[in-house]
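What follows is each chain in one-letter form.
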Amino acid sequence: MPVAVIINADDFGYAEERDRGILEAAVKGCVSSVSILANGRNAEVAVERWKKLRDEPQTSDKCPGLGLHINFTEGEPIAAAEDVESLVTVTRGISCAGSALQTGARHLKSNVRTSTKNTAKDSNHDSWENRLPTTTTLVSENETKSFKNTNDSAHSVASVPGSATVDCKKTASLRENISGLHENNNISAESSNKHLHPFPVAEFRGKFGFEAAVHKGLINMDDVETELRAQLQWFRDRVGFYPNHVDGHNHAHVLPGVREVIARVCREAGVTWIRMPVEDMEDEADDKKQKSFCQRAVHHSRQAARVFRNAGFSFTDKFYGLQLMGKALTKRSLIDIFHYLASEGQKGQNITVEIMTHPGYRSTSGDLFSKSSDREHELSVLLDASVNAAAKALGLDLTHFKAKPVDTHSKHTCTCKRKAEGKHVGTCILAVLESLLEQ
């Protein structure tokens, strides 16, 4: 039986360098699918380049499938900040503009409320300006730490007390830009970073921050739905249709509460495939915090599988990627996976597989993950001719997520063997039981 292998490149739209490498890996290498960040700094350009690749006769057969990389953890929201207050934190003054996930068009307006939903509904609460932190944050691109490898905060900042004074003669333009802050807070700054700006900015809580907030009950799921709908609409407005596959930045889509919202809203939009990052975490990892995060992602994915299955979604039979990040992705590791999958296919099993990757040329903006040489290492592996040759020699089908019809009328979707064999009609009792157990 054929084995369908989907090699997906995450973070499309993050930065120009990353996108250039991703599309090169599709045209010249073995990447067959990409997922785009709607709030990526280069997302608009990335969509146009993808369309050009799709529409050019000489490259259309190399054009990867395009899905949505749902993001609640990094950068600015697509929705208005006041509509997703529990998802964001607010920086007073000069924000962390080093992230590549900022469009620069959604700075807070004077009427924005930055409290939680309940506080926002209280007509007697103070103005949002009065409730901002009393310190001003001055962060350059070089000081921005990795969202993928650091602490729980939405972004790493250097707090400067209001009484601090620094010579800003070197940057007259910057001095002009922050003159309002200088007058109000008695602050001057020394920096030549052009990304610094004096506006309060609402950004997501970060990889670990969002996860912690979900578990503490600090995330309003109505905000999750609002932001999700905004990202889906962004995709449709620019691509021309809703995505047929989605996955989650930092695997946030499998977290409790979040997964139920995604299952309902994405089903309404006709999404048929979703990533399920279930992988045996056996290898020792140097980064213990990252390994622990991946283990939690696998745990939540096992729970989320029932939710998405009962909602009618498909996900691949096997998933690889949590242990193939950066230097761990090698020609040998990929070819070994190919040989294993081919042997499974020879047993008569019809298998679908997703391999998650993060290739590209290292970016000059964004977090340390995007600037790392690991991105170019992954790109070199995916461009290696021997990898593509091995897949073809073994008869593997390097493909993308195929559109599949979703039954929008049945509450429960059966995936058991009896349905596959055509031996029952209607809703399977196993699916009903799974739903009851989930409740």
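Residues numbered from 1 in each chain as written. Predicted model: local features only at pLDDT ≥ 70, side-chain atom pairs only at ≥ 80, totals over all residues. Heavy atoms only, no water.

Notes on the confidence of the model for the chain
Line of reasoning, step 1. Across the chain, the average pLDDT comes to 76, with 66% of residues at 70 or higher.
Line of reasoning, step 2. Overall, residues 103-197 carries pLDDT values under 50, and its contacts beyond four positions in sequence, including any with other chains, amount to 190 contacts.
Line of reasoning, step 3. Here residues 405-439 is modelled with pLDDT under 50, and outside its nearest four sequence neighbours on either side it reaches 44 contacts, counting other chains as well. (pLDDT = per-residue confidence, 0-100. Contact = heavy atoms within 4.5 Å.)

Points about the nonpolar core
Line of reasoning, step 1. The biggest cluster of nonpolar side chains holds 84 residues, and the ones touching the most others in it are Ile36, Phe72 and Ile355.
Line of reasoning, step 2. Here this core gets 7 residues from one element, more than from any other, and that element is helix H7 (residues 221-239).
Line of reasoning, step 3. Within the second largest apolar cluster, 6 residues are counted, among which are Met281, Val298, Phe319 and Met356. (Core = buried A, V, L, I, M, F, W, Y, C linked by side-chain atoms within 4.5 Å. Buried < 20%, exposed > 50% of the residue type's maximum accessible area, 1.4 Å probe, protein only. Helix = DSSP H or I, 4+ residues; strand = E, 2+ residues; numbered from the N terminus.)

Describing the pattern of salt bridges
Line of reasoning, step 1. Per the stated rule, a full pass over the model turns up 20 salt bridges.
Line of reasoning, step 2. Among the salt bridges present, the one from Arg238 reaches Glu44, with a minimum N-O distance of 2.7 Å. Highlighted residues: Arg238 in helix H7 and Glu44 in helix H2 (residues 43-55), separated in sequence by 194 residues.
Line of reasoning, step 3. Measuring nitrogen to oxygen at the nearest pair gives 2.8 Å for the salt bridge that ties Glu225 to Arg264. Residue Glu225 is located in helix H7, and its partner Arg264 is located in helix H8 (residues 258-268); the two are separated by 39 residues in the primary sequence.
Line of reasoning, step 4. Classification of Glu225 by relative accessible area gives buried; the value is 17%.
Line of reasoning, step 5. One salt-bridge network, held together by shared partners, links Asp10, Asp247, Arg275 and Glu354. (Salt bridge = Lys/Arg side-chain N within 4 Å of Asp/Glu carboxyl O.)

So, the packing of H2 against H7
Line of reasoning, step 1. In the contact formed by H2 and H7, the axes pass within 10 Å of each other and the chain directions differ by 45 degrees. One way to sum up the angle between H2 and H7 is to call them oblique. As H2 packs across H7, the resulting crossing turns out to be right-handed. Between H2, through Ala43, Glu44, Val47, Trp50, Lys51 and Arg54, and H7, the contact on the second element is made entirely by Trp234, Arg238 and Val239.
Line of reasoning, step 2. Class assignment for the residues of the contact of H2 with H7 results in 5 nonpolar, no polar and 4 charged. (Axes fitted to C-alpha atoms, helices over the stretch in contact; angles between N-to-C directions. Parallel < 35°, antiparallel > 145°, perpendicular 65-115°, else oblique. Left-handed = near helix turned anticlockwise from the far one by under 90°. Nonpolar A, V, L, I, M, F, W, Y, C, P; charged D, E, K, R; others polar.)

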